[in-house]
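Observations on chain architecture
This is what each chain is made of:
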Amino acid sequence: ETGVTQTPRHLVMGMTNKKSLKCEQHLGHNAMYWYKQSAKKPLELMFVYSLEERVENNSVPSRFSPECPNSSHLFLHLHTLQPEDSALYLCASSQDRYGFTGELFFGEGSRLTVL
Amino acid sequence: TQLLEQSPQFLSIQEGENLTVYCNSSSVFSSLQWYRQEPGEGPVLLVTVVTGGEVKKLKRLTFQFGDARKDSSLHITAAQPGDTGLYLCAGFRGGGADGLTFGKGTHLIIQP
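Residues numbered from 1 in each chain as written. Chains lettered and ligands numbered in written order. Predicted model: local features only at pLDDT ≥ 70, side-chain atom pairs only at ≥ 80, totals over all residues. Heavy atoms only, no water.

1. Examining the overall build of chain A
Looking only at helices and strands, chain A features 0 helices and 11 strands. Based on the C-alpha atoms only, the size of chain A along its principal axes is roughly 40 × 30 × 30 Å. Accessible area of chain A: about 5400 Å², with a carbon and sulfur share of 50%. Side-chain charges of chain A comprise 11 positive and 12 negative groups, with the mean position of each set lying 11 Å from the other. (Helix = DSSP H or I, 4+ residues; strand = E, 2+ residues; numbered from the N terminus. Areas by Shrake-Rupley, 256 points an atom, 1.4 Å probe, with all protein chains shown as cover. Lys, Arg positive; Asp, Glu negative; His and termini not counted. Charge placed at Lys NZ, Arg CZ, Asp CG, Glu CD.)

Below is the structure:
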């Protein structure tokens, strides 16, 4: 069983759809993250949760709505997305918020295509 | 916002050759990580370096943290097709919104 699991792995949606990405970590970590990975850009931090409390929100548009019901699960709810939102969305976890050295454990990613 | 510059952006070499990729910044980091990401997968942590001048080895991979903790290099000896992937470096300055900064990565292809 992998440490951080993301579903679905691939998602195609229209601009008016509502969908959700799910992340589950089996590492007993206290912090979880959403990152966006686009071609030719560094990973962009979207949200950070520590002990189920949102601690960072990096100016992400409101069409992305995170939810962290417990320390093992993280969701990203998607609504009225734009084609430029097409990207690989990565979930990550760490023992504590960034831990001592900033090491992150990533899931496999959810490839999102917005038509 | 500090930047991490990775070079080269793309590298394609033959199996058995040696290579070095670089990660440079004008900022000082308390630690730096290297990740490898294969197509369709998430990044996997390879190593963390925390001390200026530190050298760590992982089989055929040698990682070095610069003395001033502003830069790092990854050297691969006798590259194998299994080394193919996107190599990302990430610099850590501590907690906060900009605590962890990623470079754009080096796309490495090892041809059989």
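On we go from here.
2. With respect to the state of the cysteines
Formally, a disulfide is one covalent bond, and it connects the sulfur atom of one cysteine to the sulfur atom of another. Across all of its chains, the model carries 2 disulfides over all chains by this definition. One disulfide in the model links Cys23 of chain B with Cys89 of chain B; its S-S distance is 2.0 Å. Taking the torsion about the sulfur-sulfur bond, which here is approximately 75°, the covalent link between Cys23 of chain B and Cys89 of chain B counts as right-handed. With Cys23 of chain B in strand E3 (residues 19-24) and Cys89 of chain B in strand E9 (residues 85-92), this residue pair connects regions lying 66 residues apart in the sequence. The two residues Cys23 of chain B and Cys89 of chain B agree in class, both being buried. For Cys68 of chain A, which is in no disulfide, the shortest distance to another cysteine sulfur is to Cys91 of chain A and amounts to 9.1 Å. (Disulfide = S-S within 2.5 Å. Buried < 20%, exposed > 50% of the residue type's maximum accessible area, 1.4 Å probe, protein only.)

3. With respect to the environment of Leu74 of chain B
Residues and elements named next belong to chain B. With respect to the helices and strands, Leu74 occurs in strand E8 (residues 71-76). Expressed as a C-alpha distance, the spacing of Leu74 and Ser25, which sit 49 residues apart in the sequence, is 15 Å. Ignoring any residue separated from it by four or fewer positions in sequence, one finds Leu74 in contact with Leu19, Thr20, Val21, Trp34, Leu61, Thr62, Phe63 and Tyr87. (Contact = heavy atoms within 4.5 Å.)

4. Some points on the interface of chain B and chain A
Residue-level contacts link 21 residues of chain B with 23 residues of chain A. Of the roughly 1600 Å² buried at the junction of chain B and chain A (both faces included), carbon and sulfur atoms supply 59%. Applying the counting criterion to the chain B and chain A interface returns 1 salt bridge. Across the pair Arg9 of chain A and Glu41 of chain B runs a salt bridge, and its minimum N-O distance is 3.7 Å. Elements with a minimum of two residues in the side of chain B that touches chain A: strand E4 (31-37), strand E5 (44-49), E9 and strand E10 (100-102) of chain B. Looking at which element gives the most residues to the side of chain B that touches chain A, the answer is E4 of chain B, with 4 residues. Of the residues assigned to the side of chain B that touches chain A, the class counts are 10 nonpolar, 9 polar and 2 charged. (Buried area = accessible area lost by both parts, 1.4 Å probe. Salt bridge = Lys/Arg side-chain N within 4 Å of Asp/Glu carboxyl O. Nonpolar A, V, L, I, M, F, W, Y, C, P; charged D, E, K, R; others polar.)

Without other data, these values stay purely geometric and don't point to any function.
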